[in-house]
Every structure is written in structure tokens, then in C-alpha cells.
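Residues per chain are reported as follows:
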Amino acid sequence: MRPAPPPQTYRVKSFGCQMNVYDGERMAELLASQGIRPASEGEEADLVVLNTCHIREKAAEKVYSDIGRITKEWRRDDGSAPLIAVAGCVAQAEGEEIMARAPAVSMVVGPQAYHRLPQMIEEATHGRRSVDTDMPAETKFDTLPARRSVGPSAFLTVQEGCDKFCTYCVVPYTRGAEISRPFADLVAEAQRLVEAGAREITLLGQNVNAWRDEAERGLEKLVEALAAIPQLARIRYTTSHPNDMTDGLIEAHRDVAKLMPFLHLPVQSGNDRVLKAMNRSHTVESYLRVLDQVRAVRPDIALSGDFIVGFPGETDAEFEDTLKLVERVGYAQCFSFKYSPRPGTPAATMEGQVPMAVMDERLQRLQAALQRSSLAFNQASVGRRCAVLVERRGRHEGQWLGKSPWLQSVHFTADVAIGDLVEVELIEAGPNSLAGRLI
Ligand code: SAH
Ligand code: SF4
Ligand code: F3S
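Quick caveat: nothing in here was measured; it's all calculated off a predicted structure.

*Asks:* So what exactly am I meant to see when it comes to helix α9 (residues 247-255) here?
*Replies:* Turn by turn, an α-helix covers 3.6 residues, leaving residues three or four places apart pointing in a common direction. Listing the buried residues of α9 in full gives Leu249, Ile250, Ala252 and His253. Projected down its long axis, α9 carries its buried residues within an arc of 150°, all on one side. Close packing links the buried residues of α9 with α8 (219-227), β11 (234-238), β12 (262-264) and α11 (284-297).

*Asks:* Sorry if this is basic, but what is going on with the environment of Pro182 here?
*Replies:* Tracing the backbone shows Pro182 in the loop between β9 (179-180) and α7 (183-195). Sequence spacing of Pro182 and Glu214 is 32 residues, and the spatial spacing of their C-alpha atoms is 7.0 Å.

*Asks:* I keep staring at the packing of α11 against helix α12 (residues 316-329) and nothing clicks. Help me out?
*Replies:* Each packed pair of helices is defined by two parameters, the angle between the axes and the distance between the axes. Contact geometry of α11 with α12 gives a least axis separation of 12 Å together with a crossing angle of 10°. Considering their axes alone, α11 and α12 lie roughly parallel with respect to each other. Along its contact with α11, which presents Val284, Leu288, Leu291 and Arg295, the element α12 presents Leu325, Arg328 and Val329. Of the residues that constitute the contact of α11 with α12, the class distribution is five nonpolar, no polar and two charged.

*Asks:* I would appreciate a short explanation of empty space enclosed by the protein in the present structure.
*Replies:* Over the atoms rolls a probe the size of a water molecule, and in doing so it shows where empty space is left. Inspection of the entire model under this criterion finds one cavity of 30 Å³ or more. For the largest cavity, the calculated volume is near 30 Å³. In this structure, the largest cavity is lined by Ile235, Arg236, Tyr237, Met260 and Phe262. Considering every element that reaches the lining of the largest cavity, the biggest residue donor is β11, with three residues. Residues belonging to the lining of the largest cavity are distributed by class as follows: four nonpolar, no polar and one charged.

*Asks:* Honestly, the nonpolar core in this entry has me stumped. Any pointers?
*Replies:* One broad trend across soluble globular proteins is that nonpolar side chains are buried collectively. Within the largest apolar cluster, 72 residues are counted, with the highest numbers of intra-cluster contacts made by Leu203, Leu219 and Tyr331. Ranked by residues supplied to this core, first place goes to α11 with six residues. If you look at the next biggest cluster of nonpolar residues, it comprises 21 residues, including Cys53, Ala91, Ala102 and Val108.

*Asks:* For this particular structure, what's the right way to read the sheet that holds strand β6 (residues 130-132)?
*Replies:* What links the strands of a sheet is backbone hydrogen bonding, and the strands pair in either a parallel or an antiparallel sense. Read across the open sheet, the six strands follow the order β2-β1-β3-β4-β5-β6; overall the sheet is parallel. Only two strands of the sheet have a single neighbouring strand rather than two, namely β2 (37-38) and β6. Pairing between strand β1 (residues 9-14) and strand β3 (residues 47-52): five bridges, direction parallel. By the bridge assignment for β3, Ser14 is matched with Asn51. Across the sheet, helix α1 (residues 18-33) lies against β1, β3 and β4 (83-87), angled at about 170° from β1, the strand it touches most. Sheet strands in contact with helix α2 (residues 57-73) are β1, β3, β4 and β5 (105-109), and its direction is about 170° off that of β3.

*Asks:* What exactly am I supposed to notice about the site of ligand 1 here?
*Replies:* In the neighbourhood of ligand 1, 15 residues make up the surrounding shell, with Tyr168, Gln206, Gln268, Asp306 and Ser340 lying closest. At a separation of 2.9 Å, a nitrogen atom of ligand 1 approaches a polar backbone atom of Tyr168. Isolated, ligand 1 exposes 540 Å² of accessible area, and the fraction of that covered by the protein chains is 90%. Those elements giving two or more residues to the shell around ligand 1 turn out to be β13 (302-309) and β14 (333-338). By residue class, the composition of the shell around ligand 1 is six nonpolar, four polar and five charged.

*Asks:* Is there a simple way to explain the site of ligand 3 in this structure?
*Replies:* Near ligand 3, the surroundings consist of Cys17, Asn20, Thr52, Cys53, His54, Ile55, Cys89, Arg175 and Gln206. Taken together, the residues of the shell around ligand 3 sort by class into four nonpolar, four polar and one charged.

The rules we used
Note on numbering: residues in each chain are counted from 1, in written sequence order. Each chain is given a letter, starting from A, and each ligand a number, starting from 1, according to the order in which they appear as written. Owing to the predicted nature of the model, reporting of local features is limited to residues with pLDDT of at least 70; listing and counting of side-chain atom pairs is limited to 80 or more, with chain, interface and lining totals taken over all residues. To get the side-chain values, all heavy atoms of the structure are used, and hydrogens and water are removed first. Here's how the labels work: a residue is buried when its accessible area is under 20% of the maximum for its type, exposed when over 50%, partly exposed in between, all with a 1.4 Å probe on protein chains only. Under the DSSP-based scheme used, a helix requires at least four consecutive residues in state H or I and a strand at least two consecutive residues in state E, with every element numbered from the N terminus. The directions from the helix axis to the C-beta atoms form the arc being described. Here, two residues are considered to be in contact whenever any of their heavy atoms come within 4.5 Å of each other. All axes here are fitted lines through C-alpha atoms, helices being fitted over the stretch that makes contact, and every angle between N-to-C directions spans 0 to 180 degrees. Should an angle lie under 35 degrees it is considered roughly parallel, over 145 roughly antiparallel, and from 65 to 115 roughly perpendicular; all remaining angles are considered oblique. Gly is placed with the polar residues, together with every amino acid not listed as nonpolar (Ala, Val, Leu, Ile, Met, Phe, Trp, Tyr, Cys and Pro) or charged (Asp, Glu, Lys and Arg). Points on a 1 Å grid, built from protein atoms alone, make a cavity when a 1.4 Å probe fits but cannot get out and make a pocket when they are open with protein on both sides within 12 Å along at least 5 of 7 lines; residues with an atom within 4 Å of a point are the lining residues. Grid points are joined across faces, edges and corners, and a volume is the space filled by probe spheres set on the points. We define a nonpolar core as any set of buried Ala, Val, Leu, Ile, Met, Phe, Trp, Tyr and Cys residues linked to one another through side-chain atoms lying within 4.5 Å. What makes two strands pair is DSSP finding at least two bridges between them. Put simply, a residue is near a molecule or strand once any heavy atom of it comes within 4 Å of that molecule or strand. By the criterion applied in these results, polar contacts are pairs of N or O atoms within 3.5 Å in which, for protein atoms, one can donate a hydrogen and the other can accept it, and in which residues neighboring in sequence qualify only through two side-chain atoms. Note on areas: these come from Shrake-Rupley sampling with a 1.4 Å probe, and a residue is covered only by the protein chains present in the view.

In C-alpha cells:
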């Protein structure tokens, strides 16, 4: 690798989950604190950070095609190319392989080590490549610069890692063991986010409801503390595991007005044999019991989930159970995926891998059912009046987009500004969004 001049501009591209979005924002702030500025639209950056996702094969392979494209398209007249850093979960899982397969990459940094990027960039300017996939005891959060400007809806990672080891999933390997960030740090960061313009904060974690403070208090204590910040209007959290839904957190949906009526609680399958093979440690019944408890305290709660079709050994009848569960729950919005075998996970070598054509057909049927469910949920909202947090401009002149309390996208035409919380009547529904009228 040739020595390169210190980068003047950067671009961070994040893939995967919201925690990666959060990490991408923090990396951008770190680079800015080093005097590197964000490349403007259309301008090629001196440093490109690919913040990658390893959850499914397609996501993981994307990084190699991106690297190829960057080096080919962006090679300059003098033969130089931008510095490339690979961050995120592919970096963690395939660090050495990336170095071997992609000579254009000069830095590989895992999700727990990216606070060390400045030193790695320094190395790269001397022509030295580096890999850092440590999960150090000193956490990145302690060493990152403070948050500055954010949009009206901001993310705050409160918990990282996973100890659940579902048999299909790479997250316990790429993100490490479950850790909770300290209560006081989180309240302080939330305060800074609000000062920087946030009106809504979404608390993030791979198992966010497993968050505990030093005194073993659960997520509801953090929610209560943040609700006391006057300028903060809304609190959300994601992603939760069914087994970590405590009574305290469920009751917060009744007691804390700023906690929005939305719960993302992945179930993955509607069949107990499949759930067991997935090592999900909950059953269909225990999952439904949690939903009943939540609905009892918050009848209008919008429910969401994740599904996998074609897990090894899944029969037609077992898949039908998933469709039945979807009918029964009445989800507001969901994510659904074809099973993707991941290297090193137990399910990848299980017998009964399901052919792609079967998975395609199951996914289509599931997604059609989920679309119907979302449409029904949205149609039932027509006529409701609610607060909408304005997040961005719409495609048409004078049109704005925002979110309802139930996380529905609402578009309407009015004279408002980003960050306003306005009263809207919901007047028309589609499966993915609603039209509203300012009251
Ligand atoms: N911690 C969360 C989310 C983890 S990843 C949870 O426990 O639900 C987000 C979603 O990706 C998962 O909920 C699952 O539906 C999906 N997923 C994870 N591994 C997968 C795999 N190997 N193939 C297909 N989908 C997968
Ligand atoms: Fe993956 Fe399961 Fe952990 Fe979720 S709970 S991150 S699906 S291992
Ligand atoms: Fe992907 Fe890592 Fe998130 S694998 S889904 S970026 S935790």
C-alpha cells in the first residue's frame, strides 16, 4: 500500500440495523473532530468508511462489490484512490479475509473498536494497513467526542451485544456479549441530543429490553428518567426479545405518556418446533401472552415483528403456523426474510436446508399477509387525531412527512418546519403510509 496524504474529506456509508446507523453517526463525528470534513453530494471523498452488516449473505457480500466500485470508478488521474475503511459486522467477522481479498482496503475496524480510527488513518497515511477487531474493556463510548447536531428523531445506543445465540444468527459473534451502558452516561447523552435538536429518542440495543443499570434496574427506569427531560417529546426503544419483556417495562407503556405506543417484538416463526430449533427460548404461547399483557395496559399499541421463512427443516404445515400467527396478532408493520445460512452458526449445517424456490414462495405469501395486516391497521387509524413529528419534506411542493405515535409515516400539506410536533387528522390509508390533514 502506498503512503497517502492525510484525508481532507470523508463519507460514511452504513448498512444493516439502526445500531449501525448510530455507529455511523458517531464515526462521522469522530472524523469531523479530527478536522476531516464530510464530502459534499457528488464529491468523491478521500476516505470512505463502509459500515457493514453480516446478518444475511447478500448484505455481507455487498461490501466486496462496493470496494470494487469505489476503486474502479474513483481512481484519479494520478493513479491514487480514496482510502477505504471497512467497519461494522463484516469487519468483525471477516477481518483477515477482507485484507486478503481486497488489497484496496487499508483499514478494517470492528464495531467495538472504531474509536481507534484516527490512529489507523495515521498508519494508512504511512502506507500501513491495519486490522482492529478487539472488543476492548475501555469502551468506545468513553472516548468518542460529544454529540453535536442531530435531526428531530435521534438514536441512542444503550445496550450492545447478545447472549441469546439463536442458531441462525451472527450477532452474538459480531457484537459480542450483552453489555449495558451506564445510566448516568445515557441520561447525559440524551440531554445533549435534546440540546442538539432531538425531540424524539429511540433507545437502541440488539436486546434493548435486556438493559440493566448498575443496581439491576430495568429499561423502564431509563425511560422514566428521559421522560423528565422537558424538551423531549417522545421515547421509543428497539429491538426487544420476548423473554426480556418485564412487567415493569410493560407498565411503563401505561404510566409514561412520552413512551410511544409501539412495540417491535420479533417472533421469527409461528411454530414451536421451529422456535425450539432456532433456540428462541420462547413459545408461540409465551409470546402471545406478552402481547396480551401489553395490550391490556395499552390497547392501542402498534405491534411489529421479524420473521424468517425457510429455516432448516421448516415444513409447509409449520410455515402455515406462521401465517396463522400473523392473522391472529394483527401486526402494524413487520420485517420478513428468507433464511440465509451464516458461516459458523449451528443452523448452517443443520439437515433439511430448504430450497430457494420454496423460500421465495413462502416469503411472497408471508409478505402478502403482512401487507394486508398493515393496511388493516392503517385503515383502522383513519379518523384518528394524533400528534405527528415532522421529520422531512415530501416529494410534492409544500408536503411534509412525519411519524404518528404508532410509527406510521404520515404525509400532509401545511406550513410547518422540521422538528414541529403538530396535530393531524388521519384521512386516508395505504399499507405503508397515511395521508393527514393539519388540525
Ligand atoms: N436482536 C433482534 C434482531 C436481530 S437481527 C432479535 O432478536 O430479534 C434482525 C433480524 O434479522 C432478526 O430478527 C431475524 O429475523 C433476521 N435474521 C437474523 N439472522 C438471519 C439469518 N441467518 N437469515 C435470515 N434472517 C436472519
Ligand atoms: Fe440474533 Fe437471536 Fe440475539 Fe436477536 S436474540 S440478535 S436474533 S441471536
Ligand atoms: Fe447487521 Fe451487525 Fe446490525 S450484522 S443487523 S449490522 S448488528
